[in-house]
Amino acid sequence: MTAQAPDGAPDSVPDPFPGLPPLIDQHCHGVLRGDLSAAEFESYLTESDRPAAAGTTFFDTQAGFAVRRWCPPLLGLAPHCAPGAYLARRRELGPAETRRLLLGGTGIGTYLVDTGLPGDLTGAHETAEAGGGTGHEIVRLETLAERVAAGVRAARTAGEETADAAAEVFAAGLADAVRDAARTAAGFKSVAAYRHGLALAPEPPTAADVVTAARVWLAAGSHRLADPVLLRHLMWLAVGTGRPLQLHTGFGDPDLRLHHADPALLTDFAHATAGTGTDLILLHCYPYHRQAAYLAHAFPHVYADVGLALGHTGPRAAAVLAGFLELAPFGKLLFSTDAYGLPELYTVGSAAFRTALAEVLTGWVRAGAWSAADADRVAALVAAGNARRVYGLSEGR
Amino acid sequence: MTAQAPDGAPDSVPDPFPGLPPLIDQHCHGVLRGDLSAAEFESYLTESDRPAAAGTTFFDTQAGFAVRRWCPPLLGLAPHCAPGAYLARRRELGPAETRRLLLGGTGIGTYLVDTGLPGDLTGAHETAEAGGGTGHEIVRLETLAERVAAGVRAARTAGEETADAAAEVFAAGLADAVRDAARTAAGFKSVAAYRHGLALAPEPPTAADVVTAARVWLAAGSHRLADPVLLRHLMWLAVGTGRPLQLHTGFGDPDLRLHHADPALLTDFAHATAGTGTDLILLHCYPYHRQAAYLAHAFPHVYADVGLALGHTGPRAAAVLAGFLELAPFGKLLFSTDAYGLPELYTVGSAAFRTALAEVLTGWVRAGAWSAADADRVAALVAAGNARRVYGLSEGR
Amino acid sequence: MTAQAPDGAPDSVPDPFPGLPPLIDQHCHGVLRGDLSAAEFESYLTESDRPAAAGTTFFDTQAGFAVRRWCPPLLGLAPHCAPGAYLARRRELGPAETRRLLLGGTGIGTYLVDTGLPGDLTGAHETAEAGGGTGHEIVRLETLAERVAAGVRAARTAGEETADAAAEVFAAGLADAVRDAARTAAGFKSVAAYRHGLALAPEPPTAADVVTAARVWLAAGSHRLADPVLLRHLMWLAVGTGRPLQLHTGFGDPDLRLHHADPALLTDFAHATAGTGTDLILLHCYPYHRQAAYLAHAFPHVYADVGLALGHTGPRAAAVLAGFLELAPFGKLLFSTDAYGLPELYTVGSAAFRTALAEVLTGWVRAGAWSAADADRVAALVAAGNARRVYGLSEGR
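Residues numbered from 1 in each chain as written. Chains lettered and ligands numbered in written order. Predicted model: local features only at pLDDT ≥ 70, side-chain atom pairs only at ≥ 80, totals over all residues. Heavy atoms only, no water.

Notes on the overall build of chain A
- Within chain A one finds 14 helices and 8 strands.
- Against the 2.2 N^0.38 benchmark of 21 Å for 397 residues, chain A shows a C-alpha radius of gyration of 21 Å, consistent with a compact globule.
- Across the 397 residues that make up chain A, the buried fraction comes to 63%.
- In chain A, 74% of the contacts between residues at least 6 apart in sequence involve partners at least 24 apart.
- Treating the 31 positive side-chain charges of chain A as one cloud and the 41 negative ones as another, the clouds have centres 2 Å apart. (Helix = DSSP H or I, 4+ residues; strand = E, 2+ residues; numbered from the N terminus. Rg over C-alpha atoms; globule rule 2.2 N^0.38 Å. Buried < 20%, exposed > 50% of the residue type's maximum accessible area, 1.4 Å probe, protein only. Contact = heavy atoms within 4.5 Å. Lys, Arg positive; Asp, Glu negative; His and termini not counted. Charge placed at Lys NZ, Arg CZ, Asp CG, Glu CD.)

Next up, the structure:
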């Protein structure tokens, strides 16, 4: 599995899909820098932000079983060893060495890291370095807006501005911040699905609407951005830069109303942005991945991401990936891990992808449905070629 | 298949998953006590309450084929024999002997019987006895409310009360009835999905709202409870008892608007009940079982039930079960048959479950994705362990 | 694969499901009469009406790969040959010979052709003749209404009528046109899902509402019928004839809001039409095919069509077909290709169906879930028997 690993990590597991180019992980997050308690480790095996039910453990999930399948061999243990043994070995090695061993075995060459999550996490370059690859930043729009708003609020606390002026300053500062970010970021990401749901008006709000909404939000108790006008405005600011825009769709933490994250709700936004030249990437998508694949089929500028869905579904990743491959044109699917916090999730995400791809495509070649040459070509597109084209990454990056 | 059967019924079919503990059927109904005509028998093979289309028969369904696969051998016939031959043999044996032979071969040790359906059905203990197991009652909330309302209407007919007083009496009587039921019932069940749909306001209604709604309903022509305020009130009364609350979600008879039974619509109710200590069990779920599994993933107090979906999908039960096993933590899935009317549906439900579990888990172990020990452990949890924990059933029960 | 072909076309591919009767393709369209450029050919491989994204091609889709799998052998080339080689061979043969070779190999005996699409397309009889079969017409309601409206508008342009009178003339003309069409058509088709979405009021509109809506539409700039009152009225006019009514549901071109095409939205219409004696056929259905199968399970007069979904999902057609076969009674599923423009899509649609049916049913027979005799019987029902019964086609047709 590590024949393609950029840094020559130990080749402890046979590669289920030999010949893939170095992967481009088009949506991931940093990993925690420090040591983790058993409870902290477990909390990263789920998308829930709550404890496991009494009498249960998050190790008893597909993500937990997948960690126990793929990671112990990279740390010198037997697959499926007990969680306690694994965590002991991890502590023995320390976070830096664990990270190096796990990331080094993924075969990922390029990391597009969403840096908008809190915690003592490795940054884009630091993450990539541990894996022997290259890192780029994906800028989370809501985090950017909350940072600009914090600055404006701090200035107002100092008594410098009226409410109206503050809203104007915020609007101008936000536009600048997005424009600045676009100079170096690989792309943007919106989590409007979490904050409001995807049933948003498709067109950009007027400047007056933005200022009104900003005034209300800046005066509000909660500093968390959930106003639909501002969420839409952010999406349109990002669209205006021409950088690809990633949109959270499908499952996530309990904050979400799952049916409000159905990517089909983005159809009108896809129509509205069709002429802009900016690409939209639907993240996660599950369990609406067939809907996402349909949008990628219907709209030239819409793409679908297979990450998270594969990492959390264990041996069902093949069935989920195959669901994407029903309607999505093969030039429209993108690999990612959506790894977050634990380097183990990079291992699981990449292994799940390689294994699922091998299972699905080998089966189709064996049945005579696809030629072997087509299967290899499509695999390389999903693994890296499509992301390289969409994000304008050079071969070397 | 009957190695685990509590009563030593004839071992006529090899058990597809040897080593399972006696199953806990956490959602089922009584079976008809008397003889059945061919047409009556057929009408229980479908969730529809209507006749088969001209030129078709409900035997030509996955449920019909599954009955012909699993049941004839238990009555001394060849699998897949003609419906007529099977029905003739059934009449020859009589209902009691048929019931004994079929229920005795399921390997079910504990029956949680929803007793709220009409018809000359066996009760909880009577059903369990025929299968050599133990029975407990699940109280259907709407049936309970309709019974309390009937009492209040009868009293009013006798001229004893004003409309306002009747509503107050109803509200008090309902609270008492739920509290009383909780003393002996294993849990409660709501069919709000049928009566109104799951898009209900999540919080409990006020006492005044309850009385107003009750007054309107008690004066209405229809004695069928479909008022959303009263349906919510019932759910919250049940939550207040601490006993697990089963909620119908997903498919059922044509009364249903399927998209109004999407369990994702219960997300706000899950948030609202998160601190109560009461567990919610999403029944059936299909075709939204991935959504149900997501809720079980996101909320510690939410569980998902695999019954009905498996019994009605024949050899696709493995694919459906695997869909549940993508996101649902393994401590959050519960076996049931949802058998109703025909003892055959107990046979089919338990055989479908064992067969699907064996197919899915054996495949995963063979692929190296799961260890054999983990597979056995998870199978035992879904078969019985999780239900035992959630319903507080002792080992002996 | 062509053992059953009515015209003895070359038997170049082994039939994956020997013994099927000649297929009844219950929903298809004409093929283009003339030569096609490469770009035109490619545009028929997708449901999108837009160009492929830069750097991608619609040949890189399941439909594209399926064409390259099934069609080259019928034109004397190797499967999976390059698109360029295939198109060159096609040009060499010319459109008539290509059509004869491709349609002759499908095993389709009866074609129910929706004639409501624009373009230089073969008609119902002409299409069938090329394949050595029999053709019947399916009348697209919206096209019929637009034709009647064009006549009324032309008369008004000549200054002959007031707006009110024109609307009355339109309403009367429409009723006549539907009644006339019913004399010869095999059935009707509604694309209300495209024009408005399926969340329509279920009951028929009043005559006054129809005239009011007609007046507005006749005066409007757009001649495309999208008024919900008129769309409903058309559906009810069709229901009144007793001929089967096909309803577009599920995926299609980007005009569609996919979630507004969920067949579950037709539940109230199914209730409202339950007593009429007219059958409803849910077309396409994907990705809501489980919902469609549920409606076919719940309502005697509702049927589901497996076409389009199979032709566009390549080797996943087996999984999609199996999804239909979970809840749909076996007397309620209908084969079609939904072929349009390219004779290749007839080849792909029929081959995908035969291959998927063989894979699914053979697997179930091998597992002991179905008897071989039942599998053959059900296959013949879905391939032809159900359509014969629903459309009242004689054995010879």
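Okay, back to it.
A few points about the sheet that holds strand 8 (residues 333-334) of chain B
Residue and element names in this part refer to chain B.
- Read across the open sheet, the 8 strands follow the order 1-2-3-4-5-6-7-8; overall the sheet is parallel. With one partner strand each, in any of the chains shown, strand 1 (23-28) and strand 8 form the two edges of the open sheet.
- Strands in contact with helix 9 (residues 228-241) are strand 4 (187-190) and strand 5 (245-249); relative to strand 5, the strand with the most contacts, it is inclined by about 145°. (Pairing = 2+ DSSP bridges. Axes fitted to C-alpha atoms, helices over the stretch in contact; angles between N-to-C directions.)

Remarks on the pattern of salt bridges
- Taken as a whole and assessed by the stated rule, the structure comprises 63 salt bridges over all chains.
- Between Arg68(C) and Asp374(A) there is a salt bridge whose closest N-O contact spans 2.9 Å. Here Arg68(C) is found in helix 2 (residues 62-70), whereas its partner Asp374(A) is found in helix 14 (residues 372-391) on a different chain.
- By relative accessible area, which is 6% here, Arg68(C) ends up buried.
- With its nearest N and O atoms 2.3 Å apart, the salt bridge here joins Asp164(B) to Arg215(B). With Asp164(B) in helix 6 (residues 163-184) and Arg215(B) in helix 8 (residues 207-219), this pair connects stretches of sequence that are 51 residues apart. (Salt bridge = Lys/Arg side-chain N within 4 Å of Asp/Glu carboxyl O.)

Some remarks on the interface of chain A and chain B
- Taken together, the contacts link 33 residues of chain A with 35 residues of chain B.
- For the pair chain A and chain B, the summed buried area comes to about 3000 Å², and 57% of that belongs to carbon and sulfur atoms.
- The largest share of the area that chain A buries against chain B comes from Asp60(A), Phe65(A) and Arg316(A), three residues that together contribute 19% of it.
- At the junction of chain A with chain B, the criterion picks out 4 salt bridges.
- In this structure, the connection of chain A to chain B is made through 19 residue pairs in polar contact (both at pLDDT 80 or more).
- When residues in the side of chain A that touches chain B are grouped by element, the largest group, 4 residues, is from helix 2 (residues 62-70) of chain A.
- Classifying every residue of the side of chain A that touches chain B gives 13 nonpolar, 12 polar and 8 charged. (Buried area = accessible area lost by both parts, 1.4 Å probe. Polar contact = N/O pair within 3.5 Å; in protein donor to acceptor, adjacent residues only side chain to side chain. Nonpolar A, V, L, I, M, F, W, Y, C, P; charged D, E, K, R; others polar.)

Some points on the interface of chain C and chain A
- Counting residues at the interface gives 33 residues for chain C and 35 residues for chain A.
- Where chain C abuts chain A, roughly 3000 Å² becomes buried across the two surfaces, and 57% of that area is made up of carbon and sulfur atoms.
- On the chain C side of the contact with chain A, Asp60(C), Phe65(C) and Arg316(C) bury the most area, a combined 19% of that side's loss.
- The interface formed by chain C and chain A holds 4 salt bridges in total.
- The salt bridge partner of Arg316(C) is Glu326(A), with a shortest N-O separation of 2.7 Å.
- The interface formed by chain C and chain A includes 19 residue pairs in polar contact (both at pLDDT 80 or more).
- Considering only residue class, the side of chain C that touches chain A consists of 13 nonpolar, 12 polar and 8 charged.

Overview of the relation of the copies chain C and chain A
- Overlaying chain C with chain A gives an RMSD of 0.0 Å, the required rotation being 120° about an axis along which the chain moves by 0.0 Å. Interpreted geometrically, this transformation is the action of a three-fold axis. Nearest to the rotation axis, the C-alpha of Ala319(C) is located 5.5 Å from it, this being the minimum over chain C. (Least-squares fit on C-alpha atoms with pLDDT ≥ 70 in both.)

So, the environment of Ala379(B)
Residue and element names in this part refer to chain B.
- Within the secondary structure, Ala379 sits in helix 14 (residues 372-391).
- Here Ala379 falls in the buried class, since its relative accessible area comes to 0%.
- With 49 residues separating them along the chain, Ala379 and Phe330 place their C-alpha atoms 8.8 Å apart.
- When sequence neighbours within four positions are dropped, the list of residues in contact with Ala379 reads Phe17, Leu20, Leu357 and Leu361.

Let's talk about the pairing of strand 2 (residues 108-114) of chain A
Residue and element names in this part refer to chain A.
- Counted residue by residue, strand 2 has 7 buried out of 7 residues, so it is predominantly covered.
- Note: strand 1 (residues 23-28) against strand 2, 4 bridges, orientation parallel. Bridging across to strand 2, Asp25 finds its partner in Tyr111.
- Of the strand pairs in this sheet, strand 2 and strand 3 (residues 134-140) are connected by 5 bridges, and their pairing is parallel. Residue pairing across strands places Tyr111 opposite Gly135, the latter belonging to strand 3.
- Note on the crossover from strand 2 through helix 4 (residues 124-130) to strand 3: the handedness is right-handed. (Right-handed = clockwise from strand over helix to strand, strands pointing away.)

Focus: the nonpolar core
- In this structure, Phe170(A), Phe170(B) and Phe170(C) are the most contacted members of the largest nonpolar core, which totals 395 residues.
- In this structure, Phe170(A) is in contact with Ala145(A), Val148(A), Ala149(A), Val152(A), Ala214(A), Trp217(A), Leu218(A) and Leu230(A), ignoring residues within four places of it in sequence. (Core = buried A, V, L, I, M, F, W, Y, C linked by side-chain atoms within 4.5 Å.)

Regarding the confidence of the model for chain A
- Per-residue confidence for chain A gives a mean pLDDT of 94, with 96% of residues at or over 70.
- Scored below 50 in pLDDT, residues 1-11 of chain A shows 30 contacts in the model against residues more than four places distant or in partner chains. (pLDDT = per-residue confidence, 0-100.)

Examining the packing of helix 2 (residues 62-70) of chain B against helix 13 (residues 344-366) of chain B
Residue and element names in this part refer to chain B.
- Relative orientation of the contacting elements helix 2 and helix 13 amounts to 90°, with a least axis distance of 9 Å. Taken together, the axes of helix 2 and helix 13 are roughly perpendicular relative to one another. Here Ala66, Val67, Arg69 and Trp70 of helix 2 lie close against helix 13, whose contacting residues are Glu344, Thr347, Val348, Ala351 and Thr355.
- In the contact of helix 2 with helix 13, the residues fall into 5 nonpolar, 2 polar and 2 charged. (Parallel < 35°, antiparallel > 145°, perpendicular 65-115°, else oblique.)

Quick notes on the packing of aromatic side chains
- The full count for this structure, using the stated rule, is 39 aromatic pairs over all chains.
- Considering the side-chain rings of Tyr294(A) and Phe251(C), the 6.5 Å spacing of their centres and the 80° angle between planes classify their relative orientation as edge-to-face. Of this pair, Tyr294(A) sits in helix 11 (residues 289-298) while Phe251(C) sits in the loop between strand 5 (245-249) and helix 10 (267-272), which puts the two residues in different chains.
- Looking at Tyr294(A), the relative accessible area reads 1%, which means it is buried.
- The class of Phe251(C) is buried, set by a relative accessible area of 1%.
- Taking the centre distance of 5.0 Å and the plane angle of 55° together, the rings of Trp364(A) and Trp370(A) count as tilted. Here Trp364(A) matches Trp370(A) in class, with each residue buried.
- Taken together, Phe65(A), Phe330(B), Trp364(B) and Trp370(B) form an aromatic cluster joined through their ring pairs.
- A cation over an aromatic ring shows up here: Lys332(C) above the ring of Tyr303(C), its NZ or CZ 4.9 Å from the ring centre. (Phe/Tyr/Trp six-rings, centres within 6.5 Å; stacked < 30°, edge-to-face > 60°. Lys NZ or Arg CZ within 6 Å of the ring centre and 35° of its normal.)

Structural notes on the sheet that holds strand 3 of chain A
All names here are of chain A.
- Sheet architecture is open: 8 strands sit in the order 1-2-3-4-5-6-7-8, paired in parallel fashion. Either end of the sheet is taken by a strand with one partner, and the two such strands are strand 1 and strand 8 (333-334).
- The pairing of strand 6 (residues 280-284) with strand 7 (residues 302-305) spans 3 bridges and is parallel. Bridged to Leu282 within strand 7 is Ala304.
- The strands touched by helix 11 are strand 6 and strand 7; relative to strand 7, the strand with the most contacts, the crossing angle is about 150°.

Structural notes on helix 11 (residues 289-298) of chain C
- Most of helix 11 of chain C is tucked away, with 10 of its 10 residues classed as buried.
- Three or more residues of helix 11 of chain C are buried, namely His289(C), Arg290(C), Gln291(C), Ala292(C), Ala293(C), Tyr294(C), Leu295(C), Ala296(C), His297(C) and Ala298(C).

A closer look at the environment of Tyr340(A)
All names here are of chain A.
- Topologically, Tyr340 is positioned in the loop between strand 8 and helix 13 (344-366).
- Separated by 152 residues in the primary sequence, Tyr340 and Phe188 have C-alpha atoms spaced 17 Å apart.
- Discounting residues that sit within four places of it in the chain, Tyr340 has contacts with His29, Gly30, Tyr44, Leu117, Pro118, Leu121 and Leu345.

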